[in-house]
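Residues per chain are reported as follows:
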Amino acid sequence: MKKIVVKVNIVCDKCKTGILKTVAKLSGIKSMEIDEEKHTLTVIGNVDPASIVNALRKKKKQASIDSVGPEKAEEKKKDPGKDLCKDLCKDLPACCRYCRPMLPYSNIVWYEQPSGCTIV
């Protein structure tokens, strides 16, 4: 997979729609995104950058290749709730199975009664 950034002249919504329709016809595209402020089209997929530019130029759109590089996968952000839950759960007594999924977002109060635990 490659990340291809193409500079395109985007004037109006009709131009944007035309660009997306033209490029969408090419095979091997995973995703497309237009940035109207920067006048760029970002294409991710296995497609030749020159074929994108040629297709746009055939539709009378000014286009030039800005950059071609590998697709960067977004890094998964670590959930701070998991670490918090591990710290909080160490000292808690055994609880009902319904309370466990809610631990990072609630407080568990343990009563020595047959009713079990209460989520506060």
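Residues numbered from 1 in each chain as written. Predicted model: local features only at pLDDT ≥ 70, side-chain atom pairs only at ≥ 80, totals over all residues. Heavy atoms only, no water.

**Describing the sheet that holds strand E3 (residues 40-45)**
So, step 1. Taken together, four strands build an open sheet; the order of strands is E2-E3-E1-E4 and the sheet is antiparallel. Strands at the two margins of the open sheet, each flanked by one partner only, are strand E2 (29-35) and strand E4 (63-70). With direction set aside, neighbouring strand axes in the sheet form an average angle of 20 degrees.
So, step 2. For strand E1 (residues 2-8) and E4, the ladder comprises seven bridges, and the chain directions are antiparallel. Its bridge partner being in E4, Lys3 is matched across the sheet by Gly69.
So, step 3. Its contacts with the sheet put helix H1 (residues 13-24) on E1, E2 and E3, and the angle it makes with E2 is roughly 165 degrees.
So, step 4. In this fold helix H2 (residues 49-58) packs onto E1, E3 and E4, with an angle of close to 155 degrees to the strand it touches most, E4. (Pairing = 2+ DSSP bridges. Helix = DSSP H or I, 4+ residues; strand = E, 2+ residues; numbered from the N terminus. Axes fitted to C-alpha atoms, helices over the stretch in contact; angles between N-to-C directions. Contact = heavy atoms within 4.5 Å.)

**Quick word on the pattern of salt bridges**
So, step 1. Inspection of the entire model under this criterion finds two salt bridges.
So, step 2. The salt bridge partner of Glu36 is Lys16, with a shortest N-O separation of 3.0 Å. In this pair, Glu36 is assigned in the loop between E2 and E3 and Lys16 in helix H1, connecting sequence segments 20 residues apart.
So, step 3. On the basis of relative accessible area, Glu36 is assigned to the partly exposed category, the value being 37%.
So, step 4. Here Lys30 makes a salt bridge to Glu71, at a shortest N to O gap of 3.5 Å. Highlighted residues: Lys30 in strand E2 and Glu71 in the loop between E4 and helix H3 (80-89), separated in sequence by 41 residues.
So, step 5. Of the residues examined, Lys30 reaches a relative accessible area of 53% and is grouped as exposed. (Salt bridge = Lys/Arg side-chain N within 4 Å of Asp/Glu carboxyl O. Buried < 20%, exposed > 50% of the residue type's maximum accessible area, 1.4 Å probe, protein only.)

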